[in-house]
Amino acid sequence: MEPAVLETENLVKVYGRGANRFDALKGLTLDIKRGESVAVIGKSGSGKSTLMHLMALLDRPSQGVVALNGRPVSELKNKEIHKLRNESFGFVFQQFFLNPNQTVLENVVLPLKIAGLSKRERNRRGLEALELLEMADKAKNKATDLSGGQKQRACIARALVTNPSVIFADEPTGNLDSKTSEVVENILFGLQRDRGITLVIVTHDDDLAAKCDRQIYLKDGLIVAPEQSNTARSEAASSGEPAPSGQEATEPWAGGGSTASRASELGKEGNR
Amino acid sequence: MKAVDVVTTALGNTMRSKARTFLTVIAIFIGAFTLTLTSGLGVGINSYIDRLVQGFGDQQQLYVQKTSSQQSGNANEPQAYDPEKGADKQGQFGMSLLSEKDIEQIGNIDGVESVEPVVAVSPSYLEGENGDQFQVQLGYPSDVNSYEYAAGEAPGHDKDEITIPTTWADSLGYDKPEDAVGGKVKIAVSNVTGEEKTFEATISGVTEIMLSNQGAQPTPSSAFNDRLYDYQQEGLPEGAQTDGYAMAVADVPDLGKQSEVKKSLTEDGMLGMTVEDQIGTIRGIINAVTWILNGFALIALLAAAFGIVNTLLMSVQERTREIGLMKALGMSPGKIFGLFSSEAVLIGLLGSVIGVGVGVVVGTVANALLTGEGGALSNVAGLSLYGIAPLQLVGIVLLIMLIAFIAGTLPAARAARKDPIEALRYE
Ligand SMILES: Nc1ncnc2c1ncn2[C@@H]1O[C@H](COP(=O)(O)OP(=O)(O)O)[C@@H](O)[C@H]1O
Ligand SMILES: [Mg+2]
């Protein structure tokens, strides 16, 4: 059995105080093994992003422990945390956050620039990452010249360029149509398979969640059994595969119809 | 991020919104330009004064005058006569004169090596070896050591020697200044009874005429000057021999003792001033005016600094996402701070270098137009209204970069504090 790369114990996150107090996470204990792909799934507002931010060391928990490779991160200095995020983690967001004034290559090598690598080394590794995603011919283009799918591939190249051990993806396909989503999903799972990269994918897309090795269902800041998480695929959106839990639930936002229409709904949700 | 990457990234960012950067740079430019002109004006005028007073006596010489013994109050009112004290000896312009006793007293002050009263000899004419006679006014013997010599040297203190200006060498029939050295001149002086007598002196040196007019008159050694003076006063009744002296020159070789000597002089009712003391007052006024003008330039720079604050705050606001991403990708708050303060410093550098450059060109051209041939001030010989002091210019650029850095700290700190999660939140 692989050792856990990420563990959390009784993770609590409270926003605000007094009357505005909001408990976003109410005590989560979980572990993620090296090389595994885990989907964090739940309704909007259930605390998925909050959990990811804590595991990715972008935020500190109100209570509880996050441990990386068995070592609690509260022991780490700020400087070590910055270095860890830079070297060991890759990030893919629903929105691309590409700098429109820079070329694709410049965008991709940003983490290496932050790490302080020489320009030659940066460009070499940047092109390598772009080649892997079949984007090498777009290296010199401005980031704005790309289609949505190409943009997300550039973002994955950026997440990949430091050769991280974990990639965090928050709604990576939220802004993409279903066909492009599939391309991006295949790339991510290919990275897991070929390079042993651990994937933590935050989503409310059951199709994507189903492709992961394991699913963690969140509801109101707690881990719940699949049947309790109102997020299961609607019958109408079913593409034939059984839902992870096999249970049936209705999607509150889905107007029914095709996968494509649901994808566009998802896009709206993400853009809200 | 490496320092060089921080700077190049900052440069790229400032070039991103060109219009905004341009306007901010203009504000800095105006301040830098004004400061370059005002401080250059100070440099120019000070260097003019330097040239003007060049050679006005040695540093070690103290010019001593009697302070007026009149009571302060209305100087036009008649003063009561006190038979004990006798009348104050006064010169032409109502100045009190130094008596022989005063001269003696000066000589006794610790630190004073020698003291010479400045006596005015009015010769009838000066005659050269070729027999030509010229009207002449003699220079002060105390100045001879500060002259610049085209040929020869200063006259020996106790020899019958004299210096002549370069222009006189020509009139006295010498082809070159060198030829004049060793030549003879005769100086005619009349005594009280109107009897004229000539005295012969050897030309010891030929002096350059300086901008300050120093060296423009034939100047005798002090011994020769005394001989002429003694004859000029001959025939005056005993006791009335000297009216007193308008001024005396005291030699104080030990510069450290000068202030003590000055103090003793003040106690004895006299005033001693070095050349520096005399110029110092003028310089003080010029420096004060320069600083007032510089003050206006600094006010312009202060306004420009707020321009930088404003520009960068807008930039930080616009680039919230970018900052959040960089922080998420492991950039430390310190480096984010460095990135934005580099932008501020770059804006300062750009504005100040252009401002200083244009300021130097405009100052130099304006100076040439005003004081050069055909200019409004061309008749003031040697006047310069603008001077370039390279260190000062470098100082201006550094000062503005410092101001820009300080202005940049507020936006930069705001950027450094940004929370990556807040910054990356989907809206
Ligand atoms: N900075 C914050 N201040 C207050 N409440 C917050 C903050 N961030 C998130 N929340 C709240 O915490 C809950 C969980 O948010 P989030 O983790 O983003 O949900 P999800 O990603 O599952 O949609 C939401 O109700 C959200 O409004
Ligand atoms: Mg979310």
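The rules we used
Counting restarts for each chain: residues are numbered from 1 in the order of the written sequence. Throughout, the order in which chains and ligands are written sets their labels, letters from A for the former and numbers from 1 for the latter. Reporting of local features is limited, given that this is a predicted model, to residues whose pLDDT is at least 70; pairs of side-chain atoms are given and counted only at 80 or more, and all residues count toward the totals for whole chains, interfaces and linings. The side-chain numbers reported here are obtained from all heavy atoms of the structure, hydrogens and water having been left aside. UniProt positions are given in the numbering used here, feature names are shortened, and annotations may be inferred rather than shown by experiment. Any two residues whose heavy atoms approach within 4.5 Å are treated as being in contact. A simple way to read buried area is as the amount of 1.4 Å-probe accessible surface that goes missing from two parts once joined, with both sides added. Salt bridge, as applied in this entry: a Lys or Arg side-chain nitrogen positioned within 4 Å of an Asp or Glu carboxyl oxygen. Counting of polar contacts relies on pairs of N or O atoms within 3.5 Å, with two restrictions inside protein: one atom must be capable of donating a hydrogen and the other of accepting it, and residues adjacent in sequence are counted only when both atoms are side-chain atoms. Strands here are runs of E lasting at least two residues and helices are runs of H or I lasting at least four, both read from the DSSP assignment and numbered beginning at the N terminus. Three categories are distinguished: nonpolar for Ala, Val, Leu, Ile, Met, Phe, Trp, Tyr, Cys and Pro, charged for Asp, Glu, Lys and Arg, and polar for the others, with Gly belonging to the last. Neighbouring residues are identified by heavy atoms, a residue being near a molecule or strand if any of them is within 4 Å of it. What sets the accessible areas is the Shrake-Rupley method with a 1.4 Å probe; for residues, cover comes only from the shown protein chains. Here an angle of 0 to 180 degrees is reported between the N-to-C directions of two axes, which are lines fitted to C-alpha atoms, with helices fitted over the stretch in contact. What sets the label is the angle itself: under 35 degrees gives roughly parallel, over 145 gives roughly antiparallel, 65 to 115 gives roughly perpendicular, and the rest give oblique. For any helix crossing, the convention is left-handed if the near helix is rotated counterclockwise from the far helix by under a right angle, and right-handed if that rotation is clockwise. For patches, a residue must show more than 30% relative accessible area and have no salt bridge; joins then use 9 Å for like charges and 5 Å for nonpolar side chains, namely Val, Leu, Ile, Met, Phe, Trp and Tyr. In summary, the charge assignment counts Lys and Arg as positive and Asp and Glu as negative, without counting His or the chain termini. In this description, the location of a charge corresponds to atom NZ of lysine, CZ of arginine, CG of aspartate or CD of glutamate. Think of it in three bands: with a 1.4 Å probe and only protein chains considered, a residue is buried below 20% of the maximum accessible area for its type, exposed above 50%, and partly exposed in between. Here, any two strands with at least 2 DSSP bridges between them count as paired. Think of a 1 Å grid over the protein atoms and nothing else: a 1.4 Å probe that fits but is trapped marks a cavity, an open set flanked by protein within 12 Å on at least five of seven lines marks a pocket, and residues with an atom within 4 Å of a point count as lining. Grid points are joined across faces, edges and corners, and a volume is the space filled by probe spheres set on the points. Residues belong to one nonpolar core when they are buried, are Ala, Val, Leu, Ile, Met, Phe, Trp, Tyr or Cys, and are joined through side-chain atoms within 4.5 Å.

Named according to an unreviewed UniProt entry, chain B is ABC transporter permease originating from Kocuria soli. Quoted straight from UniProt, the Sequence similarities (unreviewed entry) entry for chain B says "Belongs to the ABC-4 integral membrane protein family." Under the UniProt heading Subcellular location (unreviewed entry), the entry covering chain B gives this text: "Cell membrane".

As named in an unreviewed UniProt entry, chain A is ABC transporter ATP-binding protein, taken from Kocuria soli.

Draft legend 1. View of the interface of chain B and chain A. In this assembly, 21 residues from chain B lie in contact with 27 residues from chain A. Regarding the contact of chain B and chain A, the summed buried area is about 2,200 Å², with carbon and sulfur atoms giving 62% of it. Across the contact surface, chain B and chain A share 1 salt bridge. For B:Asp5, the salt bridge identified is with A:Arg122, shortest N-O distance 2.7 Å. Joining chain B to chain A, the criterion identifies 7 residue pairs in polar contact (both at pLDDT 80 or more). Breaking the side of chain B that touches chain A down by element, the ones donating at least two residues are helix H1 (3–14), helix H9 (320–328) and helix H12 (420–424) of chain B. With 6 residues, the single largest contributor to the side of chain B that touches chain A is H9(B). Broken down by class, the residue content of the side of chain B that touches chain A amounts to 11 nonpolar, 3 polar and 7 charged.

Draft legend 2. Summary view of the site of ligand 1. Around ligand 1, a shell composed of 13 residues is seen, among which A:Gly45, A:Gly47, A:Lys48, A:Ser49 and A:Thr50 lie nearest. More than one chain approaches ligand 1, the contributing ones being chains A and B. With respect to ligand 1, the side chain of A:Thr50 contributes an N or O atom lying 2.5 Å from an oxygen atom. Expressed as a share of its isolated accessible area of 560 Å², the protein-covered part of ligand 1 is 68%. Among the elements of the structure, strand S2 (22–33) and helix H1 (48–55) of chain A are those that each provide at least two residues to the shell around ligand 1. Here the element with the most residues in the shell around ligand 1 is H1(A); it accounts for 3 residues. Along the lines of polarity and charge, the residues of the shell around ligand 1 split into 3 nonpolar, 6 polar and 4 charged.

Draft legend 3. Just the packing of helix H8 (residues 275–318) of chain B against helix H11 (residues 390–417) of chain B, in detail. Residue and element names in this part refer to chain B. It is at 9 Å that the axes of H8 and H11 come closest, and there the two elements cross at 30 degrees. Comparing the axis directions of H8 and H11 gives the class roughly parallel. The crossing of H8 and H11 is right-handed. Each of Leu-298, Leu-301, Ala-305, Ile-308, Val-309, Leu-312, Leu-313 and Val-316 in H8 lies in contact with H11, whose residues at this interface are Leu-399, Ile-400, Ile-403, Ala-404, Ala-407, Gly-408, Leu-410, Pro-411, Arg-414 and Ala-415. Of the residues assigned to the contact of H8 with H11, the class counts are 16 nonpolar, 1 polar and 1 charged.

Draft legend 4. Broad picture of the UniProt feature "transmembrane region" (unreviewed entry) in chain B. Residues and elements named next belong to chain B. Taking the numbering used here, the UniProt-annotated feature "transmembrane region" (unreviewed entry) corresponds to residues 21–45, 291–316, 337–363 and 383–408. Along residues 21–45 the backbone is 100% helical and 0% strand, and the end-to-end C-alpha distance reaches 36 Å. Across residues 291–316, helical content stands at 100% and strand content at 0%; the span's end C-alpha atoms are separated by 36 Å.

Draft legend 5. Expanded view of a negative patch on the surface. Residue and element names in this part refer to chain B. A grouping of Asp-170, Asp-175, Glu-178 and Asp-179 is seen on the molecular surface, where their side chains present a negatively charged patch. Its place among the elements puts Asp-179 in helix H5 (residues 177–180). Here Asp-179 falls in the partly exposed class, since its relative accessible area comes to 38%.

Draft legend 6. Seen up close, unusual backbone geometry. Residue and element names in this part refer to chain A. For Glu-134, which is not a glycine, the phi torsion comes out positive at approximately 55 degrees. With respect to the helices, strands and loops of the structure, Glu-134 is situated in the loop between helix H5 (119–132) and helix H6 (148–160). Relative accessible area serves as the criterion here: at 66%, Glu-134 is assigned to the exposed category. Phi at Glu-171 is positive, roughly 50 degrees, even though this residue is not glycine. If you trace the backbone, Glu-171 turns up in the loop between strand S7 (166–170) and helix H7 (178–195).

Draft legend 7. Seen up close, the sheet that holds strand S9 (residues 214–219) of chain A. Residue and element names in this part refer to chain A. As summarised here, the arrangement of the 6 strands in space is S6-S7-S8-S3-S9-S10, forming an open sheet in which the pairing is mixed. A strand with exactly one partner marks an edge of an open sheet, and here the two such strands are strand S6 (89–93) and strand S10 (222–224). Strand-to-strand, the axes of this sheet are offset by a mean angle of 25 degrees, without reference to chain direction. On top of the sheet, H7 reaches strand S3 (37–42), S7 and strand S8 (198–203); it is set at about 155 degrees to S8, its chief contact.

Draft legend 8. Layout of a nonpolar patch on the surface. Taken together, the side chains of B:Leu11, B:Met15, B:Leu350, B:Ile354, B:Val358 and B:Val362 make up a nonpolar region of the molecular surface, amounting to roughly 430 Å² of accessible area. Element by element, the count of residues in the nonpolar patch is highest for helix H10 (residues 333–371) of chain B, at 4 residues.

Draft legend 9. Empty space enclosed by the protein, seen in detail. Residue and element names in this part refer to chain B. What the rule picks out here adds up to 3 cavities of 30 Å³ or more. As a volume, the largest cavity reaches approximately 70 Å³. For the largest cavity, the full set of lining residues is Glu-116, Pro-117, Val-118, Val-119, Pro-141, Ser-142, Ser-222, Asn-225 and Asp-226. Only strand S2 (114–118) and helix H6 (222–233) provide two or more residues apiece to the lining of the largest cavity.

Draft legend 10. Molecular detail of the nonpolar core. A:Leu6, A:Ile32, A:Leu51, A:Met55, A:Phe91, A:Phe168 and B:Phe340 are the most contacted members of the largest nonpolar core, which totals 52 residues. With residues up to four places along the chain from it excluded, the contact list for A:Leu6 reads A:Leu30, A:Asp31, A:Ile32, A:Met55, A:Ala67, A:Leu68, A:Val166 and A:Phe168. Residues A:Ala39, A:Phe96, A:Val104 and A:Leu208 belong to the second largest nonpolar core, which totals 40 residues.

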